[in-house]
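Working through the structure, step by step
Here's the letter readout for the chains.
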Amino acid sequence: MAAILSLSLVAPAAAARVYNADTNAWEDATTVKARNKRGSPIAKTIVDYDTKYKPGTIIVETSERRLYLVLEDGKAMKYGIGVGRDGFRWSGQHRITRVAEWPGWTPPAQMRKRVPDLPAYMPGGPDNPLGARALYIGSTLYRIHGTSEPWTIGQAVSSGCIRLTNEDVTDLYSRVKVGALVIVHQ
């Protein structure tokens, strides 16, 4: 028993590593978990919102770094978001074609070319870059998804996806249906 204990004290523990899509690097999971305790820097809130779009529509204001879910009676749920970094921003109008809980992630070929050590696939879970929920936008490569890196909310750091905290994307997911209109403004 003493030999086992001494080996465990001498042998370094293998640290789990997770991929950070923002920096295109692998990080120690304990460092990531320590950062996650800070929570979202932007709280969701219901706001007055005058629009011609019907309830259930998602409007992304990239320059504001906010996502609005149109509600009844001239209101909207406003969420803080992370958006695409320079060279990865986009705009357009699509529909939600699929939703998933704890989705797996298959990095697009373009991303794997930029970051050759990316895995071909990552199963869903708390360390997955897509977070707790994903809403797939039309036939694009982009998603509205969660993140385990809440400090990135309000920043332009992604490869084009719209990210929310895991708590906020879970709330949005519970309110949105497949077929919902998504409008992304620069």
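Residues numbered from 1 in each chain as written. Predicted model: local features only at pLDDT ≥ 70, side-chain atom pairs only at ≥ 80, totals over all residues. Heavy atoms only, no water.

**Description of helix H4 (residues 166–175)**
- Buried residues of H4: Asn 166, Asp 168, Val 169, Asp 171, Leu 172 and Tyr 173, and no others.
- Where the residues of H4 are buried, they touch strand E5 (66–70), strand E6 (75–80), strand E8 (92–101), strand E9 (133–137) and strand E10 (143–145). (Buried < 20%, exposed > 50% of the residue type's maximum accessible area, 1.4 Å probe, protein only. Helix = DSSP H or I, 4+ residues; strand = E, 2+ residues; numbered from the N terminus. Contact = heavy atoms within 4.5 Å.)

**Structural notes on the nonpolar core**
- Within the largest apolar cluster, 21 residues are counted, with the highest numbers of intra-cluster contacts made by Ile 58, Leu 67, Ile 96, Ile 144, Leu 164, Leu 172 and Val 176.
- Of all the secondary-structure elements, those providing two or more residues to this core are strand E4 (58–61), E5, E6, E9, H4 and strand E13 (181–185).
- Trp 105, Val 115, Met 122 and Leu 130 belong to the second-largest nonpolar core, a separate cluster that totals 9 residues. (Core = buried A, V, L, I, M, F, W, Y, C linked by side-chain atoms within 4.5 Å.)

**Side note on unusual backbone geometry**
- Positive phi, normally seen in glycine, also occurs at Asp 73, with a value near 60 degrees.
- On the secondary structure map, Asp 73 appears in the loop between E5 and E6.
- If you check the backbone angles, Trp 102 has positive phi at about 45 degrees while not being a glycine.
- Assignment of secondary structure puts Trp 102 in the loop between E8 and helix H3 (109–114).
- According to the relative accessible area criterion, Trp 102 is partly exposed, its value standing at 38%.

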